[in-house]
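# Structural features, examined
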Amino acid sequence: MSSVLYDTPGPRAKRRNVVLSVVFVLLLGLVLWWVWQKMDDKGQLKWSLWQPFTTSEAWTTYLLPGLGNTLKAAALSMVIALPLGAFFGIARLSDHRWVRGPAGVVVEFFRSIPVLLLMLFANEFFARSTNVTTEDRPLYAVVTGLVLYNASVLAEVVRAGILALPKGQTEAAYAIGLRKGQTMTSILLPQAVTAMLPAIVSQLVVIVKDTALGGVMIGYTELLNARSTFAANYANVIQSFVGVAIIYIVVNFILTSFASWLEGRLRRSKRSTGAVLSEDQVEMNPAAVGGGFGTGASV
């Protein structure tokens, strides 16, 4: 099927794509084989270096507590950043300049600063200007940095999702007497959520991974920080990196799988599919747009 950005490949293009795919797979296999040989030559494939992952001590002492702290910081950041991002995203769509302007400044400011710099600044702020204990300060700093950055990014996601809806949705809502607030909460947001869900989940995955910055720079005992202690105790640096990478992959795969299931459920519920109906579809199926205006009315 052709589109504006993509033309259906012809026979020659299909053969070329097959050849390129085979070449890529062969090159990837050669790279993996080379890595395997190098690790074997250096003795990195010895079972004694991988065996700690099969012991309960390694998991209960190092990996699971680190994973718990990672999920704790990520969950707190998600819970705070999502509503905050929605608030600023909607505020940027306000008709009032005194609302739209400051919201835009906040979003653009925090979106432009690296999240690591926000964590470091928050850590210093809590150390010098608050009574937060030394034990709790890294968690506070990580969550603050993640919230400030990701809320600003999510604000743009929300704004873009709402603006992507057909203008007829808003015009129809105004035509039946709904105010702007009612239009936003009852008409636009429910439809935009389904369309925004993939982008929102991608940002949530970023939040999970960015917790590692706090472990490296400000000593928060998340999964990557716990890995260093684990590797020092068992003398298996490369193996610990591989194990932690797999844990991150599993966690983020579960998150994206849940989001895919949720998106499908939202679409099946028919609260909002985000689909734009053609004129022929509307004429053939008035119920697709909510039926008639009143009992027995036709469109």
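Just above sits the structure.
In what follows, the accompanying structure is described. This structure is a prediction, so every number in the text was calculated from the model and none was measured. (Residues numbered from 1 in each chain as written. Predicted model: local features only at pLDDT ≥ 70, side-chain atom pairs only at ≥ 80, totals over all residues. Heavy atoms only, no water.)

### Topic: the overall build of the protein chain
We apply this condition: Under the scheme used here, helices are H or I runs from DSSP no shorter than 4 residues and strands are E runs no shorter than 2 residues, and both carry numbers assigned from the N terminus. Three labels apply to residues, based on accessible area from a 1.4 Å probe with only protein chains included: buried if under 20% of the type maximum, exposed if over 50%, partly exposed otherwise in between. Throughout, a contact is declared for two residues whenever any of their heavy atoms are within 4.5 Å.
Within the protein chain, the secondary structure is distributed over 11 helices and 0 strands. Taken from the N to the C terminus, the helices and strands of the protein chain come in the order α-α-α-α-α-α-α-α-α-α-α. Burial analysis of the protein chain (299 residues in total) assigns 33% to the buried set. Looking at the protein chain alone, contacts between residues at least 24 apart form 69% of all its contacts between residues at least 6 apart.

### Overview of unusual backbone geometry
You will see that Ala235, though not glycine, has its phi angle at about 55 degrees, which is positive. Of note, Ala235 is situated in the loop between α9 (223-234) and α10 (237-268).

### Some points on the packing of aromatic side chains
To keep things clear, this is the line we draw: Pairing of aromatic rings covers Phe, Tyr and Trp, the last through its six-membered ring, and needs centres within 6.5 Å; plane angles under 30 degrees mean stacked, over 60 mean edge-to-face, and all others mean tilted. By definition here, charges over rings are those cases where NZ of Lys or CZ of Arg is within 6 Å of the ring centre and within 35 degrees of the ring normal.
Applying the stated criterion across every chain, the model contains 9 aromatic pairs. Here Tyr62 and Tyr234 contribute two aromatic rings whose centre-to-centre distance is 6.2 Å and whose plane-to-plane angle is 80 degrees, an arrangement assigned as edge-to-face. Separated by 172 residues along the polypeptide, Tyr62 in helix α3 (residues 56-91) and Tyr234 in helix α9 bring together distant segments of the chain. Overall, Tyr62 belongs to the buried group, its relative accessible area being 13%. One aromatic cluster in this structure is built from Phe53, Tyr62, Phe230 and Tyr234. Against the face of Phe241 rests Arg227, its NZ or CZ located 3.8 Å from the ring centre.

### As for the nonpolar core
Note the cut-off: For the purposes of this section, nonpolar cores are sets of buried Ala, Val, Leu, Ile, Met, Phe, Trp, Tyr and Cys residues that join through side-chain atoms within 4.5 Å.
In terms of nonpolar packing, the biggest core is built from 44 residues, with Val142, Ile162 and Leu223 touching the most fellow members. Secondary structure elements with two or more residues in this core: α3, α5 (115-129), α6 (137-163), α8 (180-217), α9 and α10. Among the elements that line this core, the one with the most residues is α6, at 11 residues. Residues within four places of Ile162 in sequence aside, it is in contact with Ile90, Leu93, Met184, Leu188, Leu189 and Ala192. Counting 5 residues, the second-largest nonpolar core is a separate cluster that includes Phe88, Ala103, Val107 and Ala155.

### A look at the packing of α5 against α8
The condition that has to hold: To define axes, lines are fitted to C-alpha atoms, for helices over the stretch in contact only, and angles between the resulting N-to-C directions are given on a 0 to 180 degree scale. Note on angle classes: values under 35 degrees are labelled roughly parallel, values over 145 roughly antiparallel, values of 65 to 115 roughly perpendicular, and the remainder oblique. For a crossing to be left-handed, the near helix must be turned anticlockwise from the far one by less than a right angle; the clockwise case is right-handed.
Orientation of α5 relative to α8, taken along the N-to-C sense of each, is 50 degrees, at an axis distance of 10 Å. The orientation of α5 with respect to α8, classified from their angle, is oblique. For the pair α5 and α8, the crossing hand works out as right-handed. Across from Val115, Leu116, Met119 and Leu120 in α5, the residues of α8 making contact are Asp210, Leu213, Gly214 and Met217.

### Structural notes on the side chain of Gln239
Considering the arrangement of structural elements, one finds Gln239 in helix α10. Once residues lying within four places of it in the same chain are set aside, the contact partners of Gln239 are Gln44, Leu49, Trp50 and Phe53.

### Focus: the pattern of salt bridges
Oppositely charged side chains may form a pair once their charged atoms are brought near each other. To be explicit about the condition: Each salt bridge in this description consists of a side-chain nitrogen of Lys or Arg and a carboxyl oxygen of Asp or Glu lying within 4 Å of one another.
The full count for this structure, using the stated rule, is 6 salt bridges. Here Glu124 and Arg128 are joined by a salt bridge, their closest N and O atoms 3.0 Å apart. In this pair, Glu124 and Arg128 both sit in helix α5, 4 residues apart, roughly one turn of the helix. Overall, the relative accessible area of 39% leaves Glu124 in the partly exposed class. Three or more residues are tied together by salt bridges with common partners; here these are Arg92, Glu108, Arg111, Glu156 and Arg159.

### Topic: a nonpolar patch on the surface
The cut-off we apply is this: Residues forming no salt bridge and having over 30% relative accessible area are the ones grouped into patches, like charges within 9 Å of each other and nonpolar side chains (Val, Leu, Ile, Met, Phe, Trp, Tyr) within 5 Å. Under the convention used here, a 1.4 Å probe and the Shrake-Rupley method define accessible areas, while residue burial counts only the protein chains that appear.
Together, Val237, Ile238, Phe241, Val242, Ile246, Val250, Phe253 and Ile254 make up a nonpolar patch on the protein surface, roughly 720 Å² of accessible area in all. With respect to the element layout, Phe241 can be found in helix α10.

### Observations concerning α8
This is how the line gets drawn: One fewer than the residue count of a helix, multiplied by 1.5 Å, yields its expected span. The reported bend at a residue is simply the angle between two axes, fitted to the 7 residues ending at it and to the 7 residues beginning with it.
Spanning 38 residues, α8 covers only 45 Å between terminal C-alpha atoms, well under the ideal 56 Å at 1.5 Å per step. At Met196, α8 shows its largest kink, close to 55 degrees, and the proline Pro198 lies no more than four residues downstream. Just downstream of α8, Gly219 is the residue with a positive phi angle, here 75 degrees.

### Quick word on the packing of α8 against α10
Any two packed helices are characterised by how steeply their axes cross, that is the angle between the axes, and by the distance between the axes. What counts is decided by this rule: Each residue is assigned to one of three groups, with Ala, Val, Leu, Ile, Met, Phe, Trp, Tyr, Cys and Pro labelled nonpolar, Asp, Glu, Lys and Arg labelled charged, and all others, Gly among them, labelled polar.
Following both chains from N to C, one finds α8 and α10 inclined at 165 degrees, their axes separated by 10 Å at the closest point. Comparing the axis directions of α8 and α10 gives the class roughly antiparallel. Considering the relative orientation of α8 and α10, their crossing is right-handed. Of α10, the residues touching α8 (which contributes Val193, Thr194, Leu197, Pro198, Val201, Leu204, Val205, Val208, Lys209 and Ala212) are Tyr248, Val251, Asn252, Leu255, Thr256, Ala259, Leu262, Glu263, Leu266 and Arg267. Looking at the contact of α8 with α10 residue by residue, the classes come out as 14 nonpolar, 3 polar and 3 charged.

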